[in-house]
Each structure stands twice: as structure tokens, then as C-alpha cells.
Amino acid sequence: MIKIRKYSNQAGYPEPRRVIRYTLFWCQSGNAEILIDENIFTLEAGQVVTITSGQFHQLKSVEGELTALEFTLDFFCKNDSDIELIFHNGLFCHFGMNEMITVQHAAFFTETLNAIEKEIQEQPYQYLISMHSMVELLLVEINRSKIANGDEIWKPDALFLKFLERVRDHFQDNFQVSHFADLLGTTEAKLNEVSKLHTNKTAQNVIYSLIISEAKRLLLYEKLTVKEIAYQLGFNDPFYFSNFFKKHTSRSPKDYQKVVKEM
């Protein structure tokens, strides 16, 4: 549901790992090197990076003090406002747009993470409510810092975010936009409207983007054949999957594996 992990002057995970939780890494002092999907980030003191549920990541090294906060969508998102806050200004982005963010009030960030850790350990009366509020404060502080650093405000729509979550839950089913509209109690037209508003893409092309992101992760980190990945992503024909992947990335699945692993 929610966890705090602390690292101090040590090596990280031996292998890339995938957790179905939303994760943020906070560098309190020194620096830390983190692999997220296919990109490496070096966090410096006073910086945070957010990782969406389902992304592969590997903490490679820590030279200083680093804290990881992990929480599930069910823990945090009790209503539409929570859903919109967790993805506000591109935080925990589904499209792999991770970024290092310099936090304005570093002491506050550290103190709040320590307070969450204490709540987890002691579990006092209404501790779940308390921790939810403190996670909210951390996300607000990150958003304020992004705005102070010159970023534009981007406020997502809860319906669009629910659509993204449903797509990720149903890759293997190969659902069409109309089926997702039924699941969400809305219309294809509305899903296209919110998709174009947030990504300038149709809902179908948003689905394609998420499939490509997932395909890249499976190709890099899972010991699966291209055929097995194709079936896992809802393709009945592996040849069609290979053509689909090449159309969207300019590389065949096997070429992508080779090039990225050699980088």
C-alpha cells in the first residue's frame, strides 16, 4: 500500500525491477544514479524523480542519502481530485517522460518523508488519513517547485487518466476505443476529445503509444520471445506485431533490443 525505503552510501538493486506502485526517489544529500526504463538519471541533493506504476527501474548507486516512497493507486486515489493531483504537471507520467525536479524547500520534503516513515512504523489512530495528506503535501511541493523552475501548469482530466489506467490493465484483451468508453461510462467522442486535449492524439493513437511503451519494457527486461510479447500485448499475429513496432519506432523488435542494450 505505502512503503518508505532508505539508502545510504551503498549499491542499489542488482537487477532492474518493476513494481505496480507509484515511486518517487528523493536525494537528500550527495547523488544517486537510477535507471528508469532505458534512461539513466543522476539525482543530486535536493532533487526528486517520479516513476509511474509499471515502469522498470534500477537504483544503481547511492553516494549520500536517498529515500524512496512507494504507494499504490488504490491507497492514494480516493476520488477524481486525487487522480488529477498524482498526474498534475506530468508527474508519474504514463508515457515515460521522467524528469529530475529540483525541490524548493528541501528541509520540508525530508521532514515530511520522515513523518510518513514514522506513521508507517507506529500506525497511530487514523494513520492512513495522515499519510494520504502528507503524500498530497509532497506532490503539491513538487508541483510548486516545477512552476517556480519555469514549467507551465498542466492539469490533467480524471477521465483521461482513468482511460490510460484501463488501457494498461487490458493490453492482452486488444480492446477497441468503444469498449474502453463502455467501461468508463462515456463515449468514444468524449475519449477522443480528452485525448486530443492532452496529447494532440486520437484515443486510438494513445492506445498505440501505451502499447509501444509496454513493448519496449518487455523487450528490454523480460525473458520473452517476440512471439510471446506479441500475444501478451493482444496481437494474434507476431508478424503483424513486428510491423506495428517498426512503424512506430523505425526499428524491428530485435533491432531495438540489440541497439538499446549496447548503449
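Residues numbered from 1 in each chain as written. Predicted model: local features only at pLDDT ≥ 70, side-chain atom pairs only at ≥ 80, totals over all residues. Heavy atoms only, no water.

### What about unusual backbone geometry?
Keep this limit in mind: Working definition: helices are DSSP H or I runs of at least four residues, strands are E runs of at least two. Numbering for both runs from the N terminus.
At N9, a position not held by glycine, the phi torsion is positive, near 45°. Along the polypeptide, N9 turns up in strand β1 (residues 2-11). Residues other than glycine seldom take positive phi values, yet Q126 does so here, at roughly 60°. Along the chain, the position of Q126 falls in the loop between α3 (106-122) and α4 (127-148).

### As for the pairing of strand β3 (residues 22-36)
The following threshold applies: Two strands make a pair as long as DSSP finds a minimum of two bridges between them.
By the bridge criterion, 14 bridges tie β3 to strand β6 (residues 56-71) in an arrangement that is antiparallel. Note that in β6 the partner of E33 across the bridge is S61. In this sheet, strand β5 (residues 47-51) lies alongside β3 in antiparallel orientation, the contact comprising 5 bridges. Counted as the bridge partner of W26 is V48 from β5. Two strands pair when backbone bridges link them, and β3 and strand β4 (residues 39-44) are joined in this way by 6 bridges, in the antiparallel orientation. Its bridge partner lying in β4, A32 is registered against L43. Where β3 folds back on β4, the antiparallel hairpin that results is connected by 2 residues, among which D37 adopts a positive phi of roughly 55°.

### Quick word on the side chain of S209
Threshold: Buried means the residue's accessible area, taken with a 1.4 Å probe over protein chains only, is under 20% of the maximum for its type, while exposed means over 50%, and partly exposed covers the values in between.
Within the secondary structure layout, S209 lies in helix α8 (residues 203-221). Given a relative accessible area of 15%, S209 falls into the buried group.

### Digging into the environment of L43
Put simply, the rule reads: When checking whether two residues touch, look at their non-hydrogen atoms; a contact exists if any pair is within 4.5 Å.
With respect to the secondary-structure elements, L43 resides in strand β4. For L43, a relative accessible area of 0% translates into the label buried. A C-alpha to C-alpha distance of 26 Å links L43 and E84, two positions 41 residues apart in sequence. Once you skip the residues sitting within four places of it in the chain, L43 turns out to touch F25, C27, G30, N31, A32, I34, V48, V49, L66 and M100.

### As for the packing of helix α5 (residues 158-169) against helix α7 (residues 188-199)
Angle between the axes and distance between the axes: these two values describe a pair of packed helices. This is how it is decided: Angles here are taken between N-to-C directions and fall from 0 to 180 degrees, while the axes themselves are lines fitted to C-alpha atoms, restricted in helices to the stretch in contact. Any angle from 65 to 115 degrees is called roughly perpendicular, while one under 35 is roughly parallel, one over 145 is roughly antiparallel, and all others are oblique. By the convention adopted, Pro, Cys, Tyr, Trp, Phe, Met, Ile, Leu, Val and Ala count as nonpolar, Lys, Arg, Asp and Glu as charged, and the other residues, Gly among them, as polar.
Two elements in contact, α5 and α7, have axes whose closest approach is 9 Å; the angle formed by their N-to-C orientations is 100°. In terms of orientation, α5 lies roughly perpendicular with respect to α7. Contacts between α5 and α7 pair L159, F160 and F163 from the former with K190, L191, V194, S195, H198 and T199 from the latter. Residue composition of the contact of α5 with α7, by class: 5 nonpolar, 3 polar and 1 charged.

### A short note on the confidence of the model for the chain
Note the threshold: pLDDT: the predictor's confidence for each residue, scored from 0 to 100.
Residues at a pLDDT of 70 or more form 99% of the chain, whose mean pLDDT is 93. Within the chain, no element has a lower average pLDDT than helix α11 (residues 253-262), which sits at 83, and none a higher one than α3, at 98.

### Focus: the pattern of salt bridges
If the charged atoms of two oppositely charged side chains come close together, the side chains can form a pair. Threshold: A pairing counts as a salt bridge when a side-chain nitrogen of Lys or Arg comes within 4 Å of a carboxyl oxygen of Asp or Glu.
Applying the stated criterion to the full structure yields 12 salt bridges. Between E117 and K6 there is a salt bridge, with the nearest N and O atoms lying 3.0 Å from each other. With E117 in helix α3 and K6 in strand β1, this pair connects stretches of sequence that are 111 residues apart. Here K6 falls in the partly exposed class, since its relative accessible area comes to 42%. Each of R5, R17, R21 and E70 takes part in one network of salt bridges that share partners.

### Section: the packing of α8 against helix α10 (residues 238-249)
Packing of α8 against α10 brings their axes to within 11 Å, and their N-to-C directions diverge by 105°. Here α8 lies roughly perpendicular to α10, going by the angle between them. The residues of α10 that touch α8, namely those facing Y208, I211, I212, A215, K216 and L219, are F241, F244, F245, H248 and T249. Grouping the constituent residues of the contact of α8 with α10 by class yields 8 nonpolar, 2 polar and 1 charged.

### A short note on α8
To keep it simple, the criterion reads: Helix span, expected: 1.5 Å multiplied by one less than the number of residues in the helix.
Helix length check: α8 (19 residues) gives 27 Å between terminal C-alpha atoms against 27 Å at 1.5 Å per residue, within 8%. Counting buried residues along α8, 14 of its 19 residues qualify, which places the element largely inside the surrounding structure.

### Thoughts on the nonpolar core
Our working definition: Nonpolar core, defined: a set of buried Ala, Val, Leu, Ile, Met, Phe, Trp, Tyr and Cys residues in which side-chain atoms within 4.5 Å join the residues together.
The biggest cluster of nonpolar side chains holds 62 residues, and the ones touching the most others in it are L69, F71 and F163. Among the elements that take part in this core, α8 stands out by supplying 10 residues, more than any other. Ranked by size, the runner-up nonpolar core spans 15 residues in total, among them Y7, Y13, I34 and I51.

### A word on α3
Over its 17 residues, α3 extends 25 Å from the first C-alpha to the last, a length consistent with the 24 Å expected when each residue adds 1.5 Å. If you check which residues of α3 are buried, you get F109, T110, T112, L113, I116 and E119. Lining the buried residues of α3 we find β1, β3, β5, β6 and α4. Count one or two residues on from α3 and you reach Q123, which has phi positive near 50°.

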